[in-house]
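# Geometric and topological summary
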Amino acid sequence: MNTRLKDLREDNDLTQEECAKIAYISKNSYIRYERGERVPPLDVMIQYADYYHVSLDYIARRSDKRK
């Protein structure tokens, strides 16, 4: 999951701070999610899925299909 968040962020030319603001979380929390040190809660994953227009399965690496 962590690599998908990083890939999506980089594909959209966003900073880690900007990504943290998308889900209303701290920058440190986002960094931990991206590094794989913590698993984001479902509500945070939904925020990113909605923002990037991808499925939760894509973010969770259960599918390679974005939608």
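Right above here is the structure, for reference.
Since we're looking at a predicted model, the values are computed, not measured.

### Regarding the nonpolar core
Ranked by size, the top nonpolar core spans 16 residues in total, and within it Tyr48, Tyr52 and Ile59 carry the most contacts. Secondary structure elements with two or more residues in this core: helix H1 (2-11), helix H2 (16-22), helix H3 (27-35), helix H4 (42-52) and helix H5 (56-59).

### Details of the environment of Ser63
By the secondary structure assignment, Ser63 is in the segment after H5. Take Ser63: its relative accessible area is 22%, and that puts it in the partly exposed class. For Ser63 and Asp43, which are 20 residues apart along the polypeptide, the C-alpha to C-alpha distance reads 19 Å. The contact partners of Ser63, leaving out residues within four places of it in the chain, are Arg4, Asp57 and Tyr58.

### Here we look at the packing of aromatic side chains
In this structure the tally under the stated criterion is 3 aromatic pairs. Ring centres of Tyr30 and Tyr48 lie 5.9 Å apart, and the angle between their planes is 65°; on these two criteria the pair is classed as edge-to-face. Here Tyr30, found in helix H3, pairs with Tyr48, found in helix H4; they are 18 residues apart in sequence, far enough to count as distant. Here the two residues Tyr30 and Tyr48 agree in accessibility, since each one is buried. Ring geometry for Tyr51 against Tyr52: centres 5.2 Å apart, planes inclined by 85°, an arrangement best described as edge-to-face. Cluster of aromatic residues (ring-pair linked, three or more members): Tyr30, Tyr48, Tyr51 and Tyr52. Seen from the ring of Tyr58, Arg4 lies directly overhead, with NZ or CZ sitting 4.0 Å from the centre.

### Some remarks on unusual backbone geometry
For Asp13, which is not glycine, the phi dihedral falls at a positive 50°. When you line up the elements, Asp13 lands in the loop between H1 and H2. A positive phi angle is found at Arg61, which is not glycine, with a value near 65°. Its place among the elements puts Arg61 in the segment after H5.

Here is what the cut-offs are and how they apply
- Residues numbered from 1 in each chain as written.
- Predicted model: local features only at pLDDT ≥ 70, side-chain atom pairs only at ≥ 80, totals over all residues.
- Heavy atoms only, no water.
- Core = buried A, V, L, I, M, F, W, Y, C linked by side-chain atoms within 4.5 Å.
- Buried < 20%, exposed > 50% of the residue type's maximum accessible area, 1.4 Å probe, protein only.
- Helix = DSSP H or I, 4+ residues; strand = E, 2+ residues; numbered from the N terminus.
- Contact = heavy atoms within 4.5 Å.
- Phe/Tyr/Trp six-rings, centres within 6.5 Å; stacked < 30°, edge-to-face > 60°.
- Lys NZ or Arg CZ within 6 Å of the ring centre and 35° of its normal.

No statement about biological role is implied by the geometric values presented.
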